[in-house]
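Structural description and commentary
Here's the letter readout for the chains.
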Amino acid sequence: MSHDTDPDTTVSIRFNNLYYIASPNVPAAELAQYTGYFHSSDPLLTRSGTQAHTLCSSAPQMVVGLGAALHFVDNSTAPMNGTRILDWARIGQGGLNITLNALLYGALTKMATLAPDLGIEQADAATWSSTAQKLKTSTQALLFDQSANLFRDNTTSSGSTIHPQDGNVLAITQNLTATSYQSHLISTTLAFRLTPFGAPAPELPSSISPFIGCQEIFSHFATAEGNASAALNLIKTQWRYMLRAFSNCSTIEGYDADGSLMYGCYPGAESFVSHAHAWSTGPVYSLLTEVVGLKASKIDVMAREGNLEF
């Protein structure tokens, strides 16, 4: 845009291609043990970015995949009972847990929205929407702890005492929260848990996970009010600590809640911790899309106010 462009002019830039990556880059045999990832047997869809027409041609497989997940849903109350135990590294996965059900809710609502464009039958979309609504209602009743303003991890005796970072941020970003005010409460409560070393992940005891920390950044921005202050404070606190403590590395995989180079994934094996972990780069995306205001599909300049002094 030139300098003499009328300031009231609206400019939209649209992209012709849609790229979709459906699952982590792990062997198919291991992928089946992961909780919350919906994947296809189509190698083009699962393993590489494809154009929109490939996504449409794979819609029947996506329907089958979502249907397989719904076999684990209680038809009367709609929460999903996870039978797989693997996840990003957290403990206590499986059962009626907030993380898995937030992911399922997001999958159901997004597939219902995409259905008309993908040629999916209206009856399927209606079933997904109905199941999603029941899932939201039941998850609120089973797992939201009003005294803590956070979701509990799961319905077991031990899980009910944990208020996880991952499940709560996913509840916001996947819109599993009951109201925008509840999203704001969760965002504010998570912000108060920030330490000088970063945002703790109680679901992996005594650990800080930049991967889940990135999800928390996304969740702060995703609240209706746009909690930019909390998001930027998290970036400046945690990623500044990482830069200073770990040889100018801002992409470390994880470390101990006391700031030391120990990680719950690899007890006693510090050398296993990756210092070039792509899943720790969330601030780059958030600064571009939320602070600068550049969005995908078209570019909307919607900058958010916040203290950017570092």
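Quick note: structure is the one above.
The following refers to the structure shown.

Procedures and definitions
- Residues numbered from 1 in each chain as written.
- Predicted model: local features only at pLDDT ≥ 70, side-chain atom pairs only at ≥ 80, totals over all residues.
- Heavy atoms only, no water.
- Helix = DSSP H or I, 4+ residues; strand = E, 2+ residues; numbered from the N terminus.
- Buried < 20%, exposed > 50% of the residue type's maximum accessible area, 1.4 Å probe, protein only.
- Areas by Shrake-Rupley, 256 points an atom, 1.4 Å probe, with all protein chains shown as cover.
- Phe/Tyr/Trp six-rings, centres within 6.5 Å; stacked < 30°, edge-to-face > 60°.
- Polar contact = N/O pair within 3.5 Å; in protein donor to acceptor, adjacent residues only side chain to side chain.
- Contact = heavy atoms within 4.5 Å.
- Axes fitted to C-alpha atoms, helices over the stretch in contact; angles between N-to-C directions.
- Parallel < 35°, antiparallel > 145°, perpendicular 65-115°, else oblique.
- Left-handed = near helix turned anticlockwise from the far one by under 90°.

Moving on to the overall build of the chain. In terms of regular secondary structure, the chain is built from 11 helices and four strands. For the chain, buried positions account for 44% of its 310 residues. Split by element, the accessible area of the chain, about 15,800 Å² in all, is 57% carbon and sulfur.

Summed over the entire model, instances satisfying the criterion amount to nine aromatic pairs. Taking the centre distance of 5.1 Å and the plane angle of 75° together, the rings of F197 and Y241 count as edge-to-face. Highlighted residues: F197 in the loop between α8 (180-192) and β3 (207-208) and Y241 in helix α10 (residues 228-245), separated in sequence by 44 residues. For the ring pair F246 and Y255, a centre distance of 5.2 Å and an interplane angle of 55° mean the geometry is tilted. Taken as a pair, F246 and Y255 share a single burial class, namely buried. Among the aromatic side chains, those forming a connected cluster through ring pairs are F197, Y241, F246 and Y255.

Take the environment of S180 next. Along the chain, S180 falls in helix α8. When its relative accessible area of 42% is taken as the criterion, S180 is described as partly exposed. Counting along the chain gives 43 residues from S180 to T223, while the straight-line C-alpha distance between them is 6.7 Å.

The next point concerns the environment of Q238. By the secondary structure assignment, Q238 is in helix α10. Residue classification places Q238 among the buried positions, given a relative accessible area of 0%. When the C-alpha positions of Q238 and G198 are compared, they lie 4.2 Å apart, and in sequence the two are 40 residues distant.

As for its placement among the helices and strands, T189 is situated in helix α8. Using a relative accessible area of 18% as the deciding quantity, one classes T189 as buried. Reaching out from T189, the side chain makes a polar contact with the backbone oxygen of L185 at a distance of 2.8 Å. Residues in contact with T189, not counting those within four places in the same chain, are A148, N149 and L150.

Here we take up the packing of helix α5 (residues 98-118) against helix α7 (residues 165-173). Working note: a packed helix pair is described by the angle between its axes plus the distance between those axes. It is at 8 Å that the axes of α5 and α7 come closest, and there the two elements cross at 25°. Viewed along their axes, α5 and α7 adopt a mutual orientation that is roughly parallel. Two packed elements cross with a definite hand, and for α5 against α7 that hand is left-handed. From α5, I98, T99, A102 and L103 reach across to α7, where they touch D166, G167, L170 and A171.

Below, the discussion takes up unusual backbone geometry. Phi is positive for N175, which is not a glycine, with a value near 65°. For N175, the location among the structural elements is in the loop between α7 and α8. Assessed through its relative accessible area of 44%, N175 is described here as partly exposed. Residue S247 is not a glycine yet carries a positive backbone phi of 55°.

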